[in-house]
Amino acid sequence: MNVTDTKPVDIITRIGNFNHTQAIGLNCLIFLAVREQTTVTYQYEELGFEDIPQQIVTLCDRLDDDALLDLAGQITFCLVTEKTAAALEEENAQLLAAQAIDDQKQPTLLSDY
């Protein structure tokens, strides 16, 4: 693989608008390229992940294996962070809904005694 001035962060900024499926697909291409000692372009052509822009694939091929794995790690971190945030958001929404419905948690007034 060719090593140039391209860095993983350059690619991360370009894939900021990728959806979940595209991010996972790019990670698959990267891991397969490293495992099979091929290029990301080769894997892209072999698997036909057409939802990933060719420009991103070309940029990935400018990275060495360590940088590619770093990129894959950053993508994975973003995916896990997104999943965790969604789970926390759902949990908080459930707690708020339960509090709004459960009137037993309301403090009693002194005039009630």
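Above this text is the structure in question.
There is a patch of like negative charges on the surface, built from Asp64, Asp65, Asp66 and Asp70. Mapped onto the elements, Asp70 comes out in helix α5 (residues 65-101).

To continue, consider the nonpolar core. If you look at the biggest cluster of nonpolar residues, it comprises 23 residues, and the most contacted ones within it are Ile11, Leu26, Ile30, Val40, Cys60 and Ile75. Those elements that provide at least two residues to this core are α2 (20-36), α3 (40-47), α4 (54-60) and α5. Setting aside its immediate chain neighbours within four residues, Cys60 contacts Ile11, Leu26, Ile30, Val40, Leu68 and Leu71.

Taken as a whole, α3 has its buried residues at Val40, Thr41, Gln43 and Tyr44. Taken end-on, α3 shows its buried residues confined to a sector of 160°, consistent with a single buried face. Exposed side of α3, more than 90 degrees from the buried face: Glu45 and Glu46 are the residues found there.

What follows deals with α2. The end-to-end C-alpha separation of α2 is 24 Å, in line with the 24 Å expected for 17 residues at 1.5 Å each. Among all positions in α2, only Gln22, Ala23, Gly25, Leu26, Asn27, Leu29, Ile30, Ala33 and Val34 are buried. The N-cap of α2, judged by a side-chain oxygen 3.0 Å from the amide nitrogen of Thr21 a few residues on, is Asn19. Two residues or fewer after α2 comes Gln37, characterised by a positive phi angle close to 55°.

Attention now moves to the packing of α2 against α3. For the pair α2 and α3, interaxial distance at closest approach is 8 Å and the crossing angle is 115°. Viewed along their axes, α2 and α3 form a crossing whose handedness is right-handed. Facing Leu29, Ile30, Leu32, Ala33 and Glu36 of α2, the residues of α3 in contact are Val40, Gln43, Tyr44 and Leu47. Of the residues that constitute the contact of α2 with α3, the class distribution is seven nonpolar, one polar and one charged.

In this section: the environment of Glu45. Considering the arrangement of structural elements, one finds Glu45 in helix α3. You can call Glu45 exposed: its relative accessible area is 60%.

Now for the side chain of Gln43. Considering the arrangement of structural elements, one finds Gln43 in helix α3. Among residues more than four places away in sequence, those in contact with Gln43 are Leu29, Leu32, Ala33, Glu36, Thr38 and Gly48.

Along the chain, Leu26 falls in helix α2. Linking Leu26 and Ile15, residues eleven residues apart in sequence, is a C-alpha distance of 9.7 Å. In contact with Leu26, not counting residues within four places along its chain, are Ile15, Phe18, Ile52, Ile56, Cys60 and Ile75.

Right, let's get into the side chain of Asn27. Relative to the assigned elements, Asn27 resides in helix α2. Taking the relative accessible area as the measure of exposure, Asn27 reaches 6% and is therefore buried. Beyond its immediate chain neighbours, meaning those up to four positions away, Asn27 contacts Ala72, Ile75 and Thr76.

Here is what the cut-offs are and how they apply
- Residues numbered from 1 in each chain as written.
- Predicted model: local features only at pLDDT ≥ 70, side-chain atom pairs only at ≥ 80, totals over all residues.
- Heavy atoms only, no water.
- Patch = residues over 30% accessible without salt bridge, like charges linked within 9 Å, V, L, I, M, F, W, Y side chains within 5 Å.
- Areas by Shrake-Rupley, 256 points an atom, 1.4 Å probe, with all protein chains shown as cover.
- Salt bridge = Lys/Arg side-chain N within 4 Å of Asp/Glu carboxyl O.
- Lys, Arg positive; Asp, Glu negative; His and termini not counted.
- Charge placed at Lys NZ, Arg CZ, Asp CG, Glu CD.
- Helix = DSSP H or I, 4+ residues; strand = E, 2+ residues; numbered from the N terminus.
- Core = buried A, V, L, I, M, F, W, Y, C linked by side-chain atoms within 4.5 Å.
- Buried < 20%, exposed > 50% of the residue type's maximum accessible area, 1.4 Å probe, protein only.
- Contact = heavy atoms within 4.5 Å.
- Arc of directions from axis to C-beta.
- Expected span 1.5 Å × (residues − 1).
- Polar contact = N/O pair within 3.5 Å; in protein donor to acceptor, adjacent residues only side chain to side chain.
- Axes fitted to C-alpha atoms, helices over the stretch in contact; angles between N-to-C directions.
- Left-handed = near helix turned anticlockwise from the far one by under 90°.
- Nonpolar A, V, L, I, M, F, W, Y, C, P; charged D, E, K, R; others polar.

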